[in-house]
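Okay, here's what each chain looks like letter by letter:
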Amino acid sequence: MVKSVTPPLHHRVADALRGRISRGQLPVGAALPSEAQLCEEFAASRGTVRQALAALRNEGLIGGGQGKQPVVRQAAVAQPFETFLSFTRWAREMGREPGQRTVEIARRGASQVAADVLGIDEGAPVIEVLRLRLLDGIPTMLERSSFIEPVGRLLFDFDPDAGSIYAHLLDRGIDLRAARHTIDAIGADEVDAKLLTVAVGAPLLRERRRATDASGARVEYADDRYRPDLVTFTIDNVQAGRISPHILKETP
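Residues numbered from 1 in each chain as written. Predicted model: local features only at pLDDT ≥ 70, side-chain atom pairs only at ≥ 80, totals over all residues. Heavy atoms only, no water.

For the protein, the name recorded in an unreviewed UniProt entry is Transcriptional regulator, GntR family, with Actinokineospora diospyrosa as its organism.

### Observations concerning the overall build of the protein
To keep it simple, the criterion reads: Only runs of H or I of at least four residues qualify as helices and only runs of E of at least two qualify as strands under DSSP, and these elements are numbered from the N terminus. Buried means the residue's accessible area, taken with a 1.4 Å probe over protein chains only, is under 20% of the maximum for its type, while exposed means over 50%, and partly exposed covers the values in between.
Broken down by element type, the protein carries eight helices and ten strands. Per-residue burial over the protein gives 46% buried out of 252 residues.

### A short note on helix 1 (residues 9-22)
Formally: For a helix, the expected span equals 1.5 Å multiplied by the number of residues minus one. Here, two residues are considered to be in contact whenever any of their heavy atoms come within 4.5 Å of each other.
Across its 14 residues, helix 1 extends 20 Å between first and last C-alpha, which sits within 8% of the 20 Å expected from 1.5 Å per residue. Among the residues of helix 1, those classed as buried are His-10, Val-13, Ala-14, Leu-17, Arg-18, Gly-19, Arg-20, Ile-21 and Ser-22. Turning to helix 1, the residues buried within the fold contact helix 2 (35-42), helix 3 (46-58), strand 1 (62-63) and strand 2 (71-72). Taken from the residues just after helix 1, Gly-24 is the one with a positive phi, measuring 85°.

### Structural notes on the pairing of strand 7 (residues 203-213)
For clarity, the threshold we go by: Between any two strands, pairing holds if DSSP finds at least two bridges.
Counting buried positions along strand 7 gives eight out of eleven residues, so the element sits mostly inside the fold. Pairing of strand 6 (residues 176-187) with strand 7 involves eleven bridges; the strand directions are antiparallel. Its bridge partner lying in strand 7, Ile-183 is registered against Glu-207. Here strand 7 runs beside strand 8 (residues 218-226); their pairing, made up of eight bridges, is antiparallel. Pairing of Leu-205 across the sheet is with Tyr-226, part of strand 8. Remark: four residues form the turn of the hairpin made by strand 7 and strand 8, two consecutive strands paired antiparallel; Gly-216 in that turn has positive phi of roughly 90°.

### Details of the side chain of Gln-100
The test is simple: The term polar contact refers here to a pair of N or O atoms within 3.5 Å; inside protein, the definition further demands a hydrogen-donor-capable atom paired with an acceptor-capable atom, and it admits residues adjacent in sequence only when both atoms are side-chain atoms.
Examined against the element boundaries, Gln-100 turns out to sit in strand 3 (residues 98-109). Gln-100 sits in the buried class, given a relative accessible area of 14%. Only 3.0 Å separates the side chain of Gln-100 from the side chain of Arg-133, close enough to count as a polar contact. Not counting chain neighbours up to four residues away, the residues in contact with Gln-100 comprise Thr-88, Arg-131, Leu-132, Arg-133, Leu-134, Pro-160, Asp-161, Ala-162 and Gly-163.

### A few points about the environment of Gly-137
Its location among the elements puts Gly-137 in the loop between strand 4 (125-135) and strand 5 (138-148). Assessed through its relative accessible area of 56%, Gly-137 is described here as exposed. Sequence separation of Gly-137 and Arg-96 is 41 residues, and the distance between their C-alpha atoms is 9.8 Å.

### Considering the pattern of salt bridges
Heads up, the condition is: Salt bridges are identified by distance alone: a Lys or Arg side-chain nitrogen within 4 Å of an Asp or Glu carboxyl oxygen.
Applying the stated criterion across every chain yields a total of 24 salt bridges. The shortest N-O distance in the salt bridge between Arg-208 and Asp-184 comes to 2.7 Å. With Arg-208 in strand 7 and Asp-184 in strand 6, this residue pair connects regions lying 24 residues apart in the sequence. Given a relative accessible area of 26%, Arg-208 falls into the partly exposed group. Via salt bridges that share partners, Arg-144, Asp-184, Asp-189, Asp-192, Arg-206, Arg-208, Asp-223 and Arg-225 belong to a single interconnected network.

### Details of the packing of helix 1 against helix 2
Filter applied, for reference: For helices, the fitted line uses only the C-alpha atoms of the stretch in contact; every axis is such a line through C-alpha atoms, and the angle between N-to-C directions lies from 0 to 180 degrees. These descriptions rest on fixed angle ranges, namely under 35 degrees for roughly parallel, over 145 for roughly antiparallel, 65 to 115 for roughly perpendicular, and the rest for oblique. Crossing chirality is assigned from the near helix's rotation relative to the far helix, an anticlockwise turn below a right angle marking it left-handed and a clockwise turn marking it right-handed.
Across the interface, helix 1 lies against helix 2 with an axial gap of 12 Å and an inter-helix angle of 110°. Taken together, the axes of helix 1 and helix 2 are roughly perpendicular relative to one another. Here helix 1 and helix 2 pass one another in a crossing that is right-handed. Along its contact with helix 1, which presents Leu-9, Val-13, Ala-16, Leu-17 and Arg-20, the element helix 2 presents Leu-38, Glu-41 and Phe-42.

### Quick look at the packing of helix 1 against helix 3
Working note: a packed helix pair is described by the angle between its axes plus the distance between those axes. This is how the line gets drawn: Three categories are distinguished: nonpolar for Ala, Val, Leu, Ile, Met, Phe, Trp, Tyr, Cys and Pro, charged for Asp, Glu, Lys and Arg, and polar for the others, with Gly belonging to the last.
Their axes nearest at 8 Å, the elements helix 1 and helix 3 cross at an angle of 50°. The orientation of helix 1 with respect to helix 3, classified from their angle, is oblique. Between helix 1 and helix 3 lies a crossing whose hand is right-handed. Of helix 3, the residues touching helix 1 (which contributes Leu-9, His-10, Val-13, Ala-14, Leu-17 and Arg-18) are Thr-48, Gln-51, Ala-52, Leu-53, Ala-55 and Leu-56. A class-by-class count of the residues in the contact of helix 1 with helix 3 yields eight nonpolar, three polar and one charged.

This is how it looks when you write it as structure tokens:
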């Protein structure tokens, strides 16, 4: 039996407000409801509401303070690092509707780049997935993944349009434990342009990812390309014995 854990109330208040901002119900420049109104709406204490508002301020979503009513500064929705791997989970937690359209899933020889990242020989068999990801029906990200063959073959009995590939792999016993992310910019190629509905050469945000399992074995190399008008990344550094980056993915 899977037990669900209810998040703290201030997290739920913050998530509800993020959803309203991202959907345009609270556009940039709009004032948020007063603390008293939020307390009544969510049956929450003033301290709980202030915790939620502080989280939104830290993410740059709202501004104001010192007696001024908070206003929306940017229409962005932050993604905690623990959900960074799953587009589906992130979108749903933010009150958005995730979607996907699988363009291709095929077994072929690893490219030189994928082979280097996965630590296998160039041309060794991998399972490649090309999938368009949607937010509320809007093309948002183009996902290119290369899985080592023993892991990727588990996708042949799964409909990638039905939901999260990572959730399926976890259900099948693949213990995805860590990932290394490299974030940069790249111009859209012809495939990107066609599927993301942008011009060839248009700037895209690129996240390259190397995912490993509990043993440290490399299982996936991914090259995900995002429309920067729809998604941005923020990195927060937190001092806790050593500096640790906290990566957020956001939707303007």
